[in-house]
Each structure stands twice: as C-alpha cells, then as structure tokens.
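# Structural overview
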Amino acid sequence: MADDAPSETPIEDFVRIDALPDHDGESVTLKGWLHNKRGSKSLYFLILRDGSGYVQCVVSEGDVNEASWAAADNASQETALAITGTVSADDRAPGGYEMQVDAVETIGDSDGYPITPKEHGIDFLMNRRHLWLRSESQWAVLRVRNRVQKAIHDFFQDRGFLQTDAPVLTGNAVEGTSTLFELDYFDDESAYLTQSGQLHGEAMAMAFGKIYTFGPTFRAEKSKTRRHLTEFWMIEPEMAFYDLDMNMTLAERFVSHIVQDVLEHCERELETLERDTTALQQVDTPFPRISYDEAVELLRSESTAQLIDQRIEALHEEQAELETERAENQKRRGQAKKHIKRQIDAREIEINKRINEIEEALRNLPDWKESAQTFEWGSDFGGSDETVLTWHFDRPIIVHRFPAKIKAFYMKRDPHDDRLALGMDVLAPEGYGEIVGGGERATDLDFLQEQIEAHGLPEEAFDWYLDLRKFGAVPHSGFGLGLERVVSWICGREHVREAIPFPRTIGRLHP
C-alpha cells in the first residue's frame, strides 16, 4: 500500500499499480493506459500506466478468451484498458512486479496518438503539453514536484509555522509597475497580480510569529531565459525576531530537507530521468557562506580563470571522443542487425544532443570568463556569474550582504556598512543559479518612508505596511523559494517549463 494511505474500505473496484507489492500472488484488476506494446503472434507484453506507476502485463493468446486477445491485439499507444490477472514478483520487470493476464477489456480507444517514442522538438511537445504530461519523463518530474511540495509543508508544519495565504490581487506595485500584470479592478481602480506574498506575510508574522505562504506569483518581465516563467509558485516564510544569520540557517536547512526527502522517496523517478544524483547527495548543512565582497573577489580571481580554462579543455576532449564514437558507430551500422541499428540510432540521438550542448558551452565560456574577470562591484550577478561561483564548492552556497542599490527598498541596511543590505541568496550548483532570495527586513519607520519616496512609490499604497513599524515593530526576516527552479534543479531539467504542469511564458498561453 502507498505510504500514509488511509486504512478504510476502498472506493475503487480496481488496484493501483503502486499497490501491487501488497497483492503478490493475487488476482487483481488494473485500469490505465497502454504506454508501450511489444510481442509476437501469440504473446504480447503490454506496459500499462495508471499515474501511480508502470507495470508489464503478459498476455498469452492461449490464456485469454477471443475478445481479450482482440483487445490486446488492437490496442495502440494510450488506449485505455482494464486488465485482470495474477500479480507476480519479477526483479527484471518495471517496478519489480508483472501481471500474468487473464482478461483484457478496452475502455477507450486511442487512434493516431501524436507523441510517439521518436524524438520530437520542444515546440511540438509544448503545443501538446496536455498530452506530453503522460510521458514517462514528465510523469517523473511532476511526481518529484508533488514530493517537494509535501516536503515543504512537512518542514514548516513540524517547526511550528502557520500556513497563511497572501492575496493574489494587490493594490500596491511594491517595486514599480514595469514587471507587474495590471488589471482593471472596480470603478476604474487598478489592481496587480502579485509578484510576492512577502509584504502581507510580514503582517501575518507580526500576528502569528512564524508563517509561510505558498501560492502563485506573476512577473511581467520579458525574459526568455530557461530560469523564468511568467506564472510560478513561491514559498515565502516570514519570521518575527529572526536576524539575517537565523534566516540563512533556516534557508539552508529548508533546502537540504527538500533534497534529502526527494532522494529518499523518489528513487525511481530520478532513475527514470537518468538523473545523476552525485551533486544532490552532497546537499547537506552547513552551506558555505560568502559575502558579496568575497564573491566579487572570487569571480575576478585567477583560480576562477583557471577553472573556466580547465572546463573548456575538458569539453574539447569530450567532444572529440563523442565524434569518434559517432563515426565508428556509423561504420558498423551498415552490416548490423536491425535491433543493433536501433541501438546505434538511439545512441546517435544522445551523442548529437550532447555535442550540441558542448558547442553551446564552448561558445559561452569565453564570455563567462570575461564577465567574471571584469565584474564591477555594485552590479547584480548574472546567471553565468552565479554558475561560476558555485563551481568552487560541492553544495549550494549562500551569498549575503549585497549592495543596497540592487536590493528592494524594504531590505535592512548593514549597520557596519550603509552601502550594503542584509540580503542573502542561495545559489544551487550545476548551473541552476538562485533558488532562494531573502533577507532581514527594515524596521525603522523613517527609513522606510524615505525609501518609498526615493523609489517613487505612492506612500498611500503602503500605509498598512508602515503600520507594522508603528505598532510593536520587531526584527524579522524571511525569504522566497521558487518551486519550479528547485524542481528543475533536482530533476536535472534544462528549463523550468518542465517543472510545472502548464507553463506560462512569453508567447505561450496555450494549452
């Protein structure tokens, strides 16, 4: 039975694939969709999926009636089926179990399913996202997303946090309207889709001590990078009486908890994604902490230049090895048997994909090196700068105390250096960049009023926010974690669009 499943009378008249270990040797009925089929004149191996897992169902013509054999024979990819048979353990089978079939019934036909096992372009797949969700890789990614969400709630609930909900519609633009979606509200009043639940989270922290919000947020910036969506989910804790150091400790424990929980509970999903978990296994506290000043010095250092040069050299060597392998495979393909040709063709797809990645990296790395060597103090880190910084460490890192001019108006200044804000970012390894951003919040009323005026923001929109500094102000801190960035990192996906069921990006509002 699945973890934490309730012990009550079943509603369903069938068994889920993930529950098959509880039914070894029993006759059960499964209901699902045909993922793949292979076989001969008198024997079929049907790979059935039902959302909870995959199982191989062995259909022998001599063991089933004519109608069942016809159903198995006619079934094509994504045909919905009810299959009855005996469950048996088999280490060689997907999931460790298979079914010896007694009966097959067609529930829903599937003719000409467009997403076949062959290679498809990303636009083709995104235009059919409603169907692409059924693929094994997307099944794995979104199950990891589900586990990450559970781990998030467990982490905060076990530590006495209260989940609260910030509004999606707000009347204040926080940091200007250029990256906000503006809506017509009532009586010609403007409203905005929220960029963050933080400001309202601060109010709730003053009421409940430790809270977290978990909801959709929106950014109208016209960014087309692999790290950006226009609609995404944020987890934002706010804690009364927390300073920056306490905030950083909570953030590193939070990230480590999520990763270790997924490693424990999503082994099959990560294997399906062919995710090398070596780097994930290193995610443990404490994380290295470096100040912004130290990060700038590290970027400009000779050790960084050498590190980039070494990567360029290693990529050239890997490219040469792959090109040699591809040429050798093509030489032996002509005389190879059909199944060997299929293996060679599949391997060539992998080789070509990796060579394309290498060529892109070789085009970018010289620019990354120049960016690092010429980085100017006071600038914000770009994606390449974040990536290069993490190459020096074996786990996520925390960069703290940024120049105030590149941080939000509500960030508290460093009492030892007024140029700096008490902010912090957690940077993930393997090129995934910032996954957490936050810091200690300013509590001085006069300072906040000055900042609101300096940023050209309407003070009347923040009257309620300023009240928090008038009535029992205390030191407090918080941060935001982008769910899709974390999921894409853990799953090893190139783009965050695979980490959400229906991504919203520039030019994509369908399906």
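One can find the structure itself at the top, above this paragraph.
Residues numbered from 1 in each chain as written. Predicted model: local features only at pLDDT ≥ 70, side-chain atom pairs only at ≥ 80, totals over all residues. Heavy atoms only, no water.

### Quick notes on the packing of aromatic side chains
Describing an aromatic ring pair means giving the distance of the ring centres and the angle of the ring planes. Applying the stated rule across the entire model yields 20 aromatic pairs. For the pair Phe 155 and Phe 254, a centre-to-centre distance of 5.1 Å together with 45 degrees between the ring planes defines the contact as tilted. Of the two residues, Phe 155 sits in helix H4 (residues 136-157) while Phe 254 sits in helix H6 (residues 244-265), which places them 99 residues apart along the sequence. No difference in accessibility class separates Phe 155 from Phe 254, as the two residues are buried. A connected cluster of aromatic rings, assembled from ring pairs, spans Phe 155, Phe 156, Phe 161, Tyr 212, Phe 254 and Phe 479. (Phe/Tyr/Trp six-rings, centres within 6.5 Å; stacked < 30°, edge-to-face > 60°. Helix = DSSP H or I, 4+ residues; strand = E, 2+ residues; numbered from the N terminus. Buried < 20%, exposed > 50% of the residue type's maximum accessible area, 1.4 Å probe, protein only.)

### Overview of the packing of helix H13 (residues 445-454) against helix H14 (residues 463-470)
Taken N-terminus to C-terminus, the directions of H13 and H14 make an angle of 160 degrees; their axes are 9 Å apart at the nearest point. When the axes of H13 and H14 are compared, the pair comes out roughly antiparallel. Counted together, Leu 445, Leu 448, Gln 449 and Ile 452 of H13 and Tyr 465, Leu 466, Arg 469 and Lys 470 of H14 form the full contact between these two elements. In terms of residue class, the contact of H13 with H14 is made up of five nonpolar, one polar and two charged. (Axes fitted to C-alpha atoms, helices over the stretch in contact; angles between N-to-C directions. Parallel < 35°, antiparallel > 145°, perpendicular 65-115°, else oblique. Contact = heavy atoms within 4.5 Å. Nonpolar A, V, L, I, M, F, W, Y, C, P; charged D, E, K, R; others polar.)

### Overview of the pattern of salt bridges
Within this structure, the stated rule accounts for 28 salt bridges. Between Asp 154 and Lys 150 there is a salt bridge, with the nearest N and O atoms lying 2.9 Å from each other. Placement of the pair is Asp 154 and Lys 150 together in helix H4, with a separation of four residues, close to one helical turn. A salt bridge links Asp 467 to Lys 470, with the nearest nitrogen and oxygen atoms 3.8 Å apart. Within this pair, Asp 467 and its partner Lys 470 are both found in helix H14, separated by three residues, close to a single helical turn. What makes Lys 470 partly exposed here is its relative accessible area of 48%. (Salt bridge = Lys/Arg side-chain N within 4 Å of Asp/Glu carboxyl O.)

### Quick word on the side chain of Ser 384
Note that Ser 384 resides in helix H12 (residues 383-390). Once you skip the residues sitting within four places of it in the chain, Ser 384 turns out to touch Trp 368 and Ser 371.

### Comments concerning a negative patch on the surface
The grouping of Asp 444, Asp 446, Glu 450, Glu 453, Glu 459, Glu 460 and Asp 463 at the surface amounts to a negative patch. Top contributing element to the negative patch by residue count: H13, with three residues. Of the residues examined, Asp 463 reaches a relative accessible area of 45% and is grouped as partly exposed. (Patch = residues over 30% accessible without salt bridge, like charges linked within 9 Å, V, L, I, M, F, W, Y side chains within 5 Å. Areas by Shrake-Rupley, 256 points an atom, 1.4 Å probe, with all protein chains shown as cover. Lys, Arg positive; Asp, Glu negative; His and termini not counted. Charge placed at Lys NZ, Arg CZ, Asp CG, Glu CD.)

### Details of a nonpolar patch on the surface
Where nonpolar side chains cluster on the molecular surface, the patch consists of Leu 169, Leu 183, Tyr 185 and Phe 186 and spans about 390 Å² of accessible area. Exposure remark for Phe 186: the relative accessible area of 58% places this residue in the exposed category.

### Examining unusual backbone geometry
Going from Thr 285 to Pro 286, the amide bond is cis rather than trans, its omega being 0 degrees. Relative to the helices and strands, Pro 286 is located in the loop between helix H8 (278-281) and strand E12 (289-291). Phi at Asp 188 takes a positive value of approximately 65 degrees, unusual for a residue other than glycine. Along the polypeptide, Asp 188 turns up in the loop between strand E8 (182-184) and strand E9 (190-193). Residue class for Asp 188 comes out exposed when judged on its relative accessible area of 81%.

### Re the environment of Val 296
Position of Val 296 relative to the elements: it lies in helix H9 (residues 292-300). For the pair Val 296 and Ala 372, spaced 76 residues apart in sequence, the C-alpha separation works out to 8.2 Å. Apart from residues no more than four positions distant in its own chain, Val 296 is found in contact with Phe 375, Trp 377 and Phe 381.

### Some points on the nonpolar core
The biggest cluster of nonpolar side chains holds 50 residues, and the ones touching the most others in it are Trp 489 and Ile 490. In terms of residues, this core owes the most to one element, H6, which gives ten residues. If we skip the residues at most four places from it in the chain, Ile 490 touches Val 144, Val 148, Ile 258, Val 259, Val 262, Leu 270, Arg 275 and Leu 280. In terms of nonpolar packing, the next biggest core, distinct from the first, is built from 26 residues, Ile 312, Ile 358, Phe 375 and Phe 381 among them. (Core = buried A, V, L, I, M, F, W, Y, C linked by side-chain atoms within 4.5 Å.)

### Remarks on the sheet that holds strand E7 (residues 169-170)
Overall, antiparallel pairing links the three strands, which are arranged E7-E9-E8 in an open sheet. On the outer flanks of this sheet lie E7 and E8, each paired with one strand and no other. Sheet analysis places E8 next to E9, joined by three bridges and oriented antiparallel. Residue Leu 183 lies in a different strand from E9, and its bridge partner there is Ala 191. (Pairing = 2+ DSSP bridges.)

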